[in-house]
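Letter by letter, the chains look like this.
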Amino acid sequence: MGCGHKDDKASLASSQIASFSHQPHSPPSTPASKEVWKKGGRMFSILLAVHLALLACTLVSSGAFEKIAVHDYDVFFLLTVMMLIVIIWIIFYLVGTSRCPDAILCKDSHAGPIWLRGGLILFAIFSLVMDVFKIGYYSSFYSCLSAIKIIYPIVQAIFVVVQTYFLWVSAKDCVHVHLNVTRCGLMLTLTTNLAVWMSAVTDESVHKAHSKLKKNVTEEIFRWLLKAGMRSSSAEECNCNSQICQIFKNGYFWLYPFNIEYSLFASAMVYVMWKNVGRFIDHHSHHIHRLKFRLFRRTFFVGVVLGLIILVSGLGVLVLYEVQVNSSTESSKKSQALTMYYIFNIVCLGLMSLVCIGGSVIYRFDKRDMDRHKNPTRTLDVALLMGAALGQYAISYYSIVAIVASTPRDAISALNLTYALLMIAQHTFQNIFIIEGLHRQPPKEDHKHSSHQKGLYGLTFVNINAVSLRVPDSGSTLAPSTASGTEATHADLVRSLTAPKKMNWRRKFLREISMFLLLSNIILWIMPAFGARPQFDNDTELNFYGDSMWPAIVDICLPFGIFYRMHAVASLLEVYIMS
């Protein structure tokens, strides 16, 4: 396909380009008939994504059970084909579409900020390490496995490299050629990332279920249970007795959380690109804010210190929890670990809730205007925050019902109830604080004043008394009107010199709050992502809902809660920079 305008959308772009070039300060008008075609192109790509997502979800969920005649290598085959198609399309976009004349007339300055792309690269590096571990693990007994088990991690590594480069260089593009092909390609990329995410979450959940079952039963009973109905990976039937094989096996399961977050981050960035296809930016309403990221500028270090204390304490709690719950069979140590875990989280969530309330109160005194311009990135951020929080809301409400309806109640049940209530409150207050921060205009620089005030600021010593020497006394021959005007200028200068000092305390407190919440969300992401999941170790919910219903609820809802924490970190970093 060449760079010529092959489809209806391309002809629309050519007409808009002409008007855009003649009138750079006003967005081009779009005819109603062309708007229908625009919606039709989007609808076709959405339908393609929905059907592929349903197919992938069906295969992944069916492959989770042994009795269904769908194996894990069937899932890997589908994912491999999808990733290969996406790789081919990305190469076509980078080599063909993006290099066409007038292909990218403008860029969305809000899309793909540097901290989001930096986080994507960090997760991509760990995902590549995970793929290396997978290749090493499956290569240890390739003779008894399907070839797709080794091909899949190789293709996934290539997919991660190509997609990361694509998102790094093209995240801000507003494409105006090959519109329908680009929309379908982006939706295929998004669906592929979601399918990889679903497969990773399923594999991780099954692995944890097998590990918990292995700890409680003998090897013979475990293999019988696998044959009876639980999913068993093809690798389970092969012998992995060498030390290097065990290292590869344990290593890539520990790196699953990073691969899960990478897929979700990439999906979010691809969705913003899809929204920007065919979009024209109004340069008057779409301000480009070049904000300088200075981490510890104008801060009291209170938020950083408290956040680091929470982070280090949480890491200690995580290590003790893993040792006492997963490595010990004594019920007393398990109760101590659960008590320690709940107390830490209650303190952490309580502080975070109070801090979020305080930040929302400070916003009531903030004089900055609300940013009401169209911003697909911010719209997606808000939608992801609200949507991902539903996972933790569901777990908390299920826990509340189980604890209230169960008898007898002990100290751990009371701590669990408090933990569930605070989890709901903290998510709510934090969402309010983040959404308010994302909708605020960036602060204006203090040096942007009128030309006369700039002249006064140009004095070597900015001193109110020194400036007043420039105002003539009453005995001079200066006209009264000139004297009064000079006095008014002096009063304006005094107000402009003192006003930033009144505003600075709000900005400082907002920065402290954002940094504290950022570090706290990091530890609250690390703990469940790396094994600290009291939902599986507390018997109250298991006894109330049963051994099949409750693990299914947690497996479905917990990944959304984990993603919420990491997305909140990215959003809080943006709020920090905008404050």
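Residues numbered from 1 in each chain as written. Predicted model: local features only at pLDDT ≥ 70, side-chain atom pairs only at ≥ 80, totals over all residues. Heavy atoms only, no water.

Note the threshold: UniProt positions are given in the numbering used here, feature names are shortened, and annotations may be inferred rather than shown by experiment.
The name recorded for the chain in an unreviewed UniProt entry is OTOP2 protein, from Podilymbus podiceps. Reading the Sequence similarities (unreviewed entry) entry of the UniProt record for the chain gives the comment "Belongs to the otopetrin family." As its UniProt record puts it under Subcellular location (unreviewed entry), the chain is described as follows: "Cell membrane".

1. Digging into the overall build of the chain
Inclusion rule: A helix here means a DSSP run of H or I that spans at least four residues, while a strand means a run of E at least two residues long, and both kinds are numbered starting from the N terminus. To sort residues, take the accessible area from a 1.4 Å probe on protein chains only and compare it with the maximum for the residue type: under 20% means buried, over 50% means exposed, and anything in between is partly exposed. The criterion used for residue contact is that any of the two residues' heavy atoms lie within 4.5 Å. Using a 1.4 Å probe, accessible areas were evaluated by the Shrake-Rupley method; residue-level cover was limited to the displayed protein chains.
Secondary structure summary: the chain contains 19 helices and two strands in total. When the 579 residues of the chain are sorted by exposure, 50% land in the buried category. Considering only residue pairs separated by 6 or more positions, the chain has 87% of its internal contacts joining residues 24 or more positions apart. When the accessible surface of the chain is split by element, carbon and sulfur atoms take 66% of a total near 27,600 Å².

2. Regarding the nonpolar core
This is how it is decided: The set of buried Ala, Val, Leu, Ile, Met, Phe, Trp, Tyr and Cys residues whose side-chain atoms join them within 4.5 Å is what this entry labels a nonpolar core. Reported domain spans reflect what an automatic or database domain assignment gives.
Ranked by size, the top nonpolar core spans 134 residues in total, and within it Phe 166, Phe 433 and Trp 525 carry the most contacts. Ranked by the residues each element gives to this core, the list is headed by helix α19 (residues 549–578), at 16 residues. Two domains each donate at least three residues to this core, and these are domain 1 (39–223 + 240–280) and domain 2 (297–442 + 504–578). Ignoring any residue separated from it by four or fewer positions in sequence, one finds Phe 166 in contact with Trp 89, Ile 90, Tyr 93, Leu 94, Ala 171, Leu 186 and Met 273.

3. Re the side chain of Asn 259
Quick reminder of the rule: Any N or O atom pair separated by 3.5 Å or less is treated as a polar contact, with the protein-specific requirement of one donor-capable and one acceptor-capable atom, and with residues adjacent in sequence counted only for side-chain atom pairs.
By the element assignment, Asn 259 lies in helix α9 (residues 256–276). A polar side-chain atom of Asn 259 sits 3.4 Å from a polar atom in the side chain of Ser 127. Contacts of Asn 259, omitting those with residues within four sequence positions, involve Ser 127, Met 130, Gln 156, Val 196 and Ala 200.

4. Describing unusual backbone geometry
Positive phi, normally seen in glycine, also occurs at Asp 102, with a value near 60°. Summarising the element assignment, Asp 102 is placed in the loop between α3 (72–95) and β1 (104–107). By relative accessible area, which is 43% here, Asp 102 ends up partly exposed. Even without being glycine, His 178 reaches a positive phi, approximately 50°. Relative to the helices and strands, His 178 is located in the loop between β2 (173–175) and α6 (179–216). His 178 sits in the buried class, given a relative accessible area of 3%.

5. A closer look at the environment of Ala 568
Checked against the element boundaries, Ala 568 lands in helix α19. Given a relative accessible area of 0%, Ala 568 falls into the buried group. A C-alpha to C-alpha distance of 8.5 Å links Ala 568 and Asn 431, two positions 137 residues apart in sequence.

6. Description of the environment of Phe 536
One can find Phe 536 in helix α17 (residues 534–537). Accessibility expressed as a relative area gives 18% for Phe 536, which makes it buried. Separated by 15 residues in sequence, Phe 536 and Pro 551 place their C-alpha atoms 7.1 Å apart.

7. Let's talk about a nonpolar patch on the surface
Stated formally: For patch detection, residues must exceed 30% relative accessible area and be free of salt bridges, and they are connected within 9 Å for like charges or within 5 Å for nonpolar side chains (Val, Leu, Ile, Met, Phe, Trp, Tyr). Salt bridge, as applied in this entry: a Lys or Arg side-chain nitrogen positioned within 4 Å of an Asp or Glu carboxyl oxygen.
A cluster of nonpolar side chains, contributed by Ile 114, Ile 121, Ile 125, Val 129, Tyr 165, Trp 168 and Val 169, occupies part of the molecular surface with about 610 Å² of accessible area. Secondary structure elements with two or more residues in the nonpolar patch: α4 (114–139) and α5 (148–170). With four residues, α4 is the largest single contributor of residues to the nonpolar patch. When you line up the elements, Ile 125 lands in helix α4.

8. What about the packing of aromatic side chains?
What counts, and what does not: Between 30 and 60 degrees the pair is tilted, below 30 it is stacked and above 60 it is edge-to-face, where a pair is any two Phe, Tyr or Trp rings, Trp via its six-membered ring, whose centres lie within 6.5 Å. Note on criteria: charge over ring means Lys NZ or Arg CZ within 6 Å of the ring centre, with the direction from the centre no more than 35 degrees off the ring normal.
Tallied over the entire structure, the rule returns 29 aromatic pairs. Ring plane angle 55° and centroid distance 5.4 Å describe the contact between Tyr 342 and Tyr 419, whose orientation is recorded as tilted. Of the two residues, Tyr 342 is situated in helix α11 (residues 331–364) and Tyr 419 in helix α13 (residues 411–438); the sequence distance between them amounts to 77 residues. As far as burial versus exposure is concerned, Tyr 342 and Tyr 419 are alike and both buried. Through pairs of rings, three or more aromatic residues link up here, namely Phe 123, Phe 126, Trp 254, Phe 258, Phe 265, Trp 525 and Phe 530. Here Arg 511 stacks its cationic end above the ring of Tyr 576, 5.0 Å away from the centre of that ring.

9. Concerning the packing of α4 against helix α8 (residues 243–254)
When two helices pack together, their arrangement is given by the angle between their axes and by how far apart the axes lie. Defined as follows: To obtain an axis, a line is fitted to C-alpha atoms, over the contacting stretch when the element is a helix, and the angle between two such axes runs from 0 to 180 degrees between their N-to-C directions. Two helices that cross are described as forming a left-handed crossing if the nearer one is turned anticlockwise from the farther one by less than a right angle, and a right-handed crossing if clockwise. Classification convention: Asp, Glu, Lys, Arg as charged; Ala, Val, Leu, Ile, Met, Phe, Trp, Tyr, Cys, Pro as nonpolar; all other residues, Gly among them, as polar.
Orientation of α4 relative to α8, taken along the N-to-C sense of each, is 145°, at an axis distance of 8 Å. Judged by the sense of rotation from one axis to the other, the crossing of α4 with α8 is left-handed. Residues Met 130, Phe 133, Lys 134, Gly 136, Tyr 137 and Tyr 138 of α4 lie in contact with α8, whose contacting residues are Cys 245, Ile 247, Phe 248, Lys 249, Gly 251 and Tyr 252. Among the residues making up the contact of α4 with α8, the classes are represented as eight nonpolar, two polar and two charged.

10. Regarding the packing of α4 against α5
Worth spelling out the cut-off: Should an angle lie under 35 degrees it is considered roughly parallel, over 145 roughly antiparallel, and from 65 to 115 roughly perpendicular; all remaining angles are considered oblique.
At a minimum axis separation of 9 Å, α4 and α5 run at an interaxial angle of 165°. One way to sum up the angle between α4 and α5 is to call them roughly antiparallel. When you trace α4 past α5, the crossing you get is left-handed. A class-by-class count of the residues in the contact of α4 with α5 yields 17 nonpolar, five polar and four charged.

11. Quick notes on the pattern of salt bridges
Under the counting rule described, the total for this entry stands at two salt bridges. The shortest N-O distance in the salt bridge between Lys 107 and Asp 173 comes to 2.5 Å. Of this pair, Lys 107 sits in strand β1 while Asp 173 sits in strand β2, and the two are 66 residues apart along the sequence. Under the relative-accessibility criterion, Lys 107 is labelled partly exposed at 44%. Between Arg 364 and Glu 436 there is a salt bridge, and its shortest N-O distance comes to 2.6 Å.

12. Looking at the confidence of the model for the chain
This is how the line gets drawn: For every residue, the pLDDT score states the predictor's confidence, bounded by 0 at the bottom and 100 at the top.
Averaged over all residues, the pLDDT of the chain equals 76, while 72% of them reach at least 70. Confidence drops under a pLDDT of 50 for residues 446–483, and excluding neighbours within four residues, the segment shows 33 contacts in the predicted structure. Predicted confidence is poor over residues 496–503, with pLDDT under 50, and the contacts of this stretch with residues over four places away or in other chains come to seven contacts.

13. Quick word on the side chain of Thr 189
Residue placement: Thr 189 occurs in helix α6. At a separation of 2.8 Å, a polar atom in the side chain of Thr 189 contacts the main-chain carbonyl oxygen of Gly 185. With residues near it in sequence (within four places) discarded, Thr 189 still touches Val 86, Trp 89, Gln 163 and Val 270.

14. A closer look at the state of the cysteines
For the record, the criterion: Criterion for a disulfide: a pair of cysteine sulfur atoms at a distance within 2.5 Å.
Counted under the stated rule, the structure contains zero disulfides. With no disulfide partner, Cys 106 has as its closest neighbouring cysteine sulfur the one in Cys 174, 4.3 Å distant.

15. Some details on the environment of Tyr 564
By the element assignment, Tyr 564 lies in helix α19. Tyr 564 sits 175 residues away from Ala 389 along the chain, and the two C-alpha atoms are 6.1 Å apart. Apart from the residues within four sequence positions on either side, Tyr 564 is in contact with Leu 385, Ala 388, Ala 389, His 427, Gln 430 and Asn 431.

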